[in-house]
Amino acid sequence: MYDIIIIGAGTAGLTAALYGARAGKDVLVLEEKAAGGQIINSPAVENYPGIKHTSGLQFIQSLRQQAEEAGAKIQNLKAEKIVNQSEKKVVITKNTLYETRTIILCTGVMQRKLGLPGEKELAGCGVSYCAVCDGAFYRGKKAAVVGGGNSALEDALFLSNYCERVFLIHRRDRFRGESQYVNALMQKSNVTFILETIVTALQGENHLESLHIKNTQTNIIEELAVNAIFIAIGHEPRNEAFANTVSLDEEGFIRADESCRTNVPGIFAAGDCRTKKVRQLVTAAADGAAAALAACEPQAEQAIHETSG
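Residues numbered from 1 in each chain as written. Predicted model: local features only at pLDDT ≥ 70, side-chain atom pairs only at ≥ 80, totals over all residues. Heavy atoms only, no water.

> How should helix H2 (residues 56-70) be read in this particular structure?
A turn of α-helix holds 3.6 residues, and therefore any two residues three or four places apart point the same way. For H2, spanning 15 residues, the distance from its first C-alpha to its last is 21 Å, which sits close to the expected 21 Å at 1.5 Å a residue. Listing the buried residues of H2 in full gives Gly56, Phe59, Ile60, Leu63 and Ala67. Viewed along the axis of H2, the buried residues span an arc of 90°, placing them on a single side of the element. Among the structural elements, helix H1 (11-22) and helix H6 (281-296) are those in contact with the buried residues of H2. Following H2 by one or two positions, Gly71 adopts a phi angle in the positive range, close to 120°. (Helix = DSSP H or I, 4+ residues; strand = E, 2+ residues; numbered from the N terminus. Expected span 1.5 Å × (residues − 1). Buried < 20%, exposed > 50% of the residue type's maximum accessible area, 1.4 Å probe, protein only. Arc of directions from axis to C-beta. Contact = heavy atoms within 4.5 Å.)

Listed below in structure tokens is the structure:
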């Protein structure tokens, strides 16, 4: 019987593990893949208070070490289901059942797909969702980045150091990301902005060869020859496995209040997977701390009202 089981080892999950373990609780973290979540793909983290510059990987490595040294246990297992019983909760993995008093869901988000024919088949063959992972493969070649937020702008900046030409495609007439990234891209001679444009088709059999792009104002479709496309159009939650246990909103995010309580007593949600306006590294860490402290309280069995957002 664990005091707290945390599902997900991103920033929120590892922070929750740190706070729970420091409070003297027996804490288990279950993570399907490698610890870290989306932030490990970021080469530069410069907006976390108190840390002037680090990489996402370095940040997560340090946070994981902190949590483990405090006493938290981390296992690479996928939580497939939760069973909510009157006096305990049961987390079901492929081969094991784990009993716990409280659960903190920190499942994070995954990259949103374009949803175009051939996208799945060309993944790893010119279609990528991680510029840091795959950008070096396209040294001296042409690449497109799709998106208008910080992730897309950071990807374009990163790729501009490797690629002959980087096309930054965005459906709107201006970017959502920070102006400092936009200004930096404007100084790059090998970066071309293609605004008010969407990608309508991926061309190529064994490897991506070109894109069909459509101007949303003129409806003119053109072909753009590229060797790779890096898709950075946002994220979607990974909460399907728990949809029958906790309340989700229309977009699939877990309904939870600022103390990270869900509608189910003893189950909390922290980080990008829950309903919230701002999804940043610092807010994920704050959620992790809030959820762990709430789980440690005697009244941890309290829950938010079903209609809370």
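> Can you walk me through the pairing of strand E11 (residues 191-194) in this structure?
Along any regular strand, the residues point their side chains to alternate faces of the sheet. Bridging between strand E10 (residues 165-169) and E11 involves 4 bridges; their strand directions are parallel. Across the sheet, the residue bridging to Val166 is Val191, located in E11. With helix H5 (residues 179-186) bridging E10 and the parallel E11, this β-α-β connection has right-handed handedness. (Pairing = 2+ DSSP bridges. Right-handed = clockwise from strand over helix to strand, strands pointing away.)

> Is there a simple way to think about the packing of H1 against H6 in this case?
Each pair of packed helices can be summarised by the angle the axes make with each other and by the distance between the axes. For the pair H1 and H6, interaxial distance at closest approach is 7 Å and the crossing angle is 40°. It follows from the interaxial angle that H1 and H6 lie oblique. Here H1 runs over H6; the crossing is right-handed. When H1 is examined against H6, the residues Thr11, Ala12, Thr15, Ala16, Tyr19 and Gly20 are found in contact with a partner set consisting of Leu281, Ala284, Ala285, Gly288, Ala289, Ala292, Leu293 and Cys296. (Axes fitted to C-alpha atoms, helices over the stretch in contact; angles between N-to-C directions. Parallel < 35°, antiparallel > 145°, perpendicular 65-115°, else oblique. Left-handed = near helix turned anticlockwise from the far one by under 90°.)

> What is the right way to read H1 from this model?
The end-to-end C-alpha distance of H1, which contains 12 residues, comes to 16 Å, matching closely the 16 Å that a straight helix rising 1.5 Å per residue would cover. The buried fraction of H1 amounts to 10 of the 12 residues, a majority that puts the element mostly inside the structure. Taken from the residues just after H1, Gly24 is the one with a positive phi, measuring 90°.

> So what exactly am I meant to see when it comes to the sheet that holds strand E8 (residues 127-128) here?
Paired through backbone hydrogen bonds, the strands of a sheet run either parallel or antiparallel to each other. Read from one edge to the other, the open sheet built from 5 strands follows the order E8-E15-E9-E10-E11, with strand pairing classed as parallel. A strand with exactly one partner marks an edge of an open sheet, and here the two such strands are E8 and E11. Contacts between helix H4 (residues 150-159) and the sheet are confined to strand E9 (142-146), E10 and strand E15 (228-231), with E9 contributing the most and set at about 170° to the helix.

> Looking at this structure, I do not really get the nonpolar core. What am I missing?
Here is a general trend for soluble globular proteins: nonpolar side chains tend to be buried in one another's company. One finds Ile6, Ala17, Val27, Val29, Ile104 and Ala270 to be the most contacted residues of the largest nonpolar core, which totals 33 residues. Here this core takes 7 residues from H6, the largest share from any one element. Setting aside its immediate chain neighbours within four residues, Ala270 contacts Ala12, Ile104, Leu105, Cys106, Cys260, Asp287, Gly288 and Ala291. With 21 residues, the next largest nonpolar core counts Ala156, Leu159, Cys163 and Leu168 among its residues. (Core = buried A, V, L, I, M, F, W, Y, C linked by side-chain atoms within 4.5 Å.)

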